[in-house]
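A closer look at the structure
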Amino acid sequence: MTTAEQRRQWIEALHAYRDDSERLFGLVASLANLLDRKLIIETMESVLGIAAVHDGDCIIFDDLAIRFGSDDRVKSVFRTIDGSGSDGTRAD
């Protein structure tokens, strides 16, 4: 059984993760309005330190994915459930 202190630490960690995720999605949304596909991918690899996995119109960065439309503009940003797009390599 967990103590009240352990539960508090877990809740704080979840809040910090959510805040980081929201900032990351905001970054991607900003990039989508300003940059082309190649530059977005290069920027995400640099920021995340993860090599992109190309899967058709979708670019996967471990558990984060960006889908591009036929015009190479960002169509959607989403989280993957199992991280199946990761090949375990790092961009650095």
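Given the structure is predicted, the values throughout are model-derived calculations rather than measurements. (Residues numbered from 1 in each chain as written. Predicted model: local features only at pLDDT ≥ 70, side-chain atom pairs only at ≥ 80, totals over all residues. Heavy atoms only, no water.)

1. Looking at the nonpolar core
The biggest cluster of nonpolar side chains holds 13 residues, and the ones touching the most others in it are Ile40, Ile41, Met44, Ile59, Phe61, Ile66 and Phe68. Taken together, the elements giving at least two residues each to this core come down to helix 1 (4-34), helix 2 (37-48), strand 2 (58-61) and strand 3 (64-68). What isoleucine 40 contacts, discounting residues up to four positions off in sequence, is Leu31, Ala32, Leu35, Ile66, Phe68 and Val74. (Core = buried A, V, L, I, M, F, W, Y, C linked by side-chain atoms within 4.5 Å. Buried < 20%, exposed > 50% of the residue type's maximum accessible area, 1.4 Å probe, protein only. Helix = DSSP H or I, 4+ residues; strand = E, 2+ residues; numbered from the N terminus. Contact = heavy atoms within 4.5 Å.)

2. Focus on a nonpolar patch on the surface
A cluster of nonpolar side chains, namely Trp10, Ile11 and Leu14, defines an oily patch on the protein surface of about 340 Å² accessible area. Summarising the element assignment, leucine 14 is placed in helix 1. On the accessibility criterion, leucine 14 (43% relative accessible area) is partly exposed. (Patch = residues over 30% accessible without salt bridge, like charges linked within 9 Å, V, L, I, M, F, W, Y side chains within 5 Å. Areas by Shrake-Rupley, 256 points an atom, 1.4 Å probe, with all protein chains shown as cover. Salt bridge = Lys/Arg side-chain N within 4 Å of Asp/Glu carboxyl O.)

3. Side note on the confidence of the model for the protein chain
A residue-level look at the protein chain finds 85% of positions with pLDDT of 70 or above and a mean pLDDT of 77. Taking the mean pLDDT of every element in the protein chain, the minimum, 75, falls on helix 1 and the maximum, 93, on strand 1 (residues 53-55). (pLDDT = per-residue confidence, 0-100.)

4. Some points on the pairing of strand 4 (residues 74-79)
In regular strands, side chains alternate between the two faces of the sheet. Bridging between strand 3 and strand 4 involves five bridges; their strand directions are antiparallel. Bridging across to strand 4, isoleucine 66 finds its partner in valine 77. (Pairing = 2+ DSSP bridges.)

5. Some details on the sheet that holds strand 2
In a beta sheet, neighbouring strands are held together by backbone hydrogen bonds and run either parallel or antiparallel to one another. Strand order in this open sheet of four strands is 1-2-3-4, and the pairing throughout is antiparallel. Every interior strand has two partners, whereas the edge strands, strand 1 and strand 4, have only one. Strand-to-strand twist in this sheet, taken as the mean axis angle between neighbours without regard to direction, amounts to 20°. When strand 2 meets strand 3, the two strands line up antiparallel, connected through four bridges. Within strand 3, the position partnered with phenylalanine 61 by the bridge is leucine 64. The sheet contacts of helix 2 involve strand 1, strand 2, strand 3 and strand 4, and relative to strand 3 the element is tilted by about 175°. (Axes fitted to C-alpha atoms, helices over the stretch in contact; angles between N-to-C directions.)

6. Focus: the side chain of threonine 80
Structurally, threonine 80 can be placed in the segment after strand 4. Looking at threonine 80, its side chain comes within polar contact range of the main-chain oxygen of aspartate 62, at 3.5 Å. Once residues lying within four places of it in the same chain are set aside, the contact partners of threonine 80 are Asp62, Asp63, Leu64 and Ala65. (Polar contact = N/O pair within 3.5 Å; in protein donor to acceptor, adjacent residues only side chain to side chain.)

7. Re the side chain of arginine 37
Mapped onto the elements, arginine 37 comes out in helix 2. Of the polar contacts made by the side chain of arginine 37, one reaches the side chain of aspartate 72; its length is 3.5 Å. Setting aside residues no more than four positions away along its own chain, arginine 37 makes contact with Gly56, Asp57, Ile59, Phe68 and Asp72.

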